[in-house]
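# An overview of the molecular structure
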Amino acid sequence: MSTQYKKTYLFANWKMYLSFEESAALAKELAAHFATLQSTVEMVVFPSALATQATVQVLQGTALHVGAQNVYSVDKGGYTGEISSEMYRDIGVTHVLVGHSERRHIFHESNHDARQKVEAVLAAGLVPVLCLGETKIERERGETQTVLETQLRAFLQDIVWPLGRPLFVAYEPVWAISRGTGTAAVGEFCEPLEAEKMHILIAQLVAGLISGVDPLILFGGSVRPHTVQGYLAEPHIAGVLVGAASTDFVRWQAIVKNAVG
Ligand code: PGA
């Protein structure tokens, strides 16, 4: 565990991997095994929209938090198929992923959309997790820094950050994220040192955009039980955002064990 941070952040993004029944079953296993957590660990699970309320209920009274994978930026109205930050907050959700690369690339969410969502999440009193990362092509073209800078500027420029609200950023290089639906094959391996370099860059960029708030920067991209320790050993990696490997209890338990003992 990095000594720079008071806690290790272990965030589980279940994406659309689990049915309602599977989500409820996994939540029950988590509730049984992680009813109490060391005070140095913060665990948040992000179920599908469908399973959110059931997960909140199952995890009530435990140390775990529940987040939303996506929200719409308006609080109420004629927006077929959407769910607002307020609606999630009212059922007990505390965190929201914003700007995840799958939202950007599959659902064509723009930097502008992501900014609108951050503002809505903050207004609802929730904690946004600002997701960013470059694609393989952008990296090969030497555009990584520009891409990260553009994404961060959209998220944070001239924003009024509520006092005391944590600022989570998830660096998730698109080329490292697990691929596929059925098999969730690992993406390309992002060396911990490379991730660390990007985290340092992100910390510098955030400092240039917003003062007085220290970001908590998580790494995401095919994190597995045998790789989690390498990432967390880096001084600027405060935690991990895990997709595919967080949807299986045994693998998640191994990740938690290897992360924090
Ligand atoms: P992965 O997903 O761990 O399955 O690569 C991470 C993420 O996209 O949040």
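In what follows, the accompanying structure is described. (Residues numbered from 1 in each chain as written. Predicted model: local features only at pLDDT ≥ 70, side-chain atom pairs only at ≥ 80, totals over all residues. Heavy atoms only, no water.)

Let us now look at the packing of helix α1 (residues 20-33) against helix α10 (residues 249-260). In a pair of packed helices, the angle between the axes and the distance between the axes together describe the arrangement. Running from N to C, α1 and α10 point in directions that differ by 35°, and their axes come no closer than 11 Å. The way α1 lies across α10 gives a crossing that is right-handed. Side by side, α1 and α10 meet where L26, E29, L30 and H33 of the first sit next to F249, W252 and Q253 of the second. Partitioning the contact of α1 with α10 into residue classes produces four nonpolar, two polar and one charged. (Axes fitted to C-alpha atoms, helices over the stretch in contact; angles between N-to-C directions. Helix = DSSP H or I, 4+ residues; strand = E, 2+ residues; numbered from the N terminus. Left-handed = near helix turned anticlockwise from the far one by under 90°. Contact = heavy atoms within 4.5 Å. Nonpolar A, V, L, I, M, F, W, Y, C, P; charged D, E, K, R; others polar.)

To continue, consider empty space enclosed by the protein. Empty space left among the atoms is revealed by rolling a probe the size of a water molecule over them. Per the stated rule, a full pass over the model turns up one cavity of 30 Å³ or more. Considered as a void within the structure, the largest cavity measures approximately 90 Å³ in volume. Lining the largest cavity we find 14 residues, and of these K15, G221, S222, V242 and G243 sit closest to its centre. Here the residues of the lining of the largest cavity are counted per class, giving five nonpolar, six polar and three charged. (1 Å grid on protein atoms, 1.4 Å probe; cavity = no way out; pocket = protein on both sides within 12 Å on 5 of 7 lines; lining within 4 Å. Points joined across faces, edges and corners; volume = space filled by probe spheres on them.)

On to the site of the ligand, then. The full set of residues close to the ligand is N13, K15, H100, E172, I177, S178, G221, S222, L241, V242, G243 and A244. Take E172: an N or O atom from its side chain is 2.7 Å from an oxygen atom of the ligand. Within the backbone of S178, a nitrogen or oxygen atom sits 2.6 Å from an oxygen atom of the ligand. Coverage of the ligand by the protein chains reaches 100% of its 280 Å² of free accessible surface. Counting atoms within 2 Å of the grid points, the majority share of the ligand lands in the largest cavity. Residues that form the shell around the ligand fall into these classes: four nonpolar, six polar and two charged. (Near = heavy atom within 4 Å. Polar contact = N/O pair within 3.5 Å; in protein donor to acceptor, adjacent residues only side chain to side chain. Areas by Shrake-Rupley, 256 points an atom, 1.4 Å probe, with all protein chains shown as cover. Sits in = over half its atoms within 2 Å of the grid points.)

Okay, the packing of aromatic side chains next. A complete count under the given rule lists nine aromatic pairs for this structure. Taking 5.1 Å as the distance between ring centres and 75° as the angle between the ring planes, the aromatic pair formed by Y9 and F168 counts as edge-to-face. A residue pair is termed long-range when its members are at least 10 positions apart, and Y9 in strand β1 (residues 8-13) and F168 in strand β6 (residues 168-171) qualify at 159 residues. By the burial criterion, Y9 is buried, and F168 matches it. Between the aromatic rings of F219 and Y231, the centroid separation amounts to 4.3 Å while the plane-to-plane angle is 25°, which identifies the pairing as stacked. Of this pair, F219 sits in strand β7 (residues 216-219) while Y231 sits in helix α9 (residues 228-232), and the two are twelve residues apart along the sequence. Side by side, F219 and Y231 carry an identical accessibility label, which is buried. Here the aromatic residues Y9, F11, F46 and F168 are joined through ring pairs into a cluster of three or more. Against the face of W175 rests K136, its NZ or CZ located 6.0 Å from the ring centre. (Phe/Tyr/Trp six-rings, centres within 6.5 Å; stacked < 30°, edge-to-face > 60°. Buried < 20%, exposed > 50% of the residue type's maximum accessible area, 1.4 Å probe, protein only. Lys NZ or Arg CZ within 6 Å of the ring centre and 35° of its normal.)

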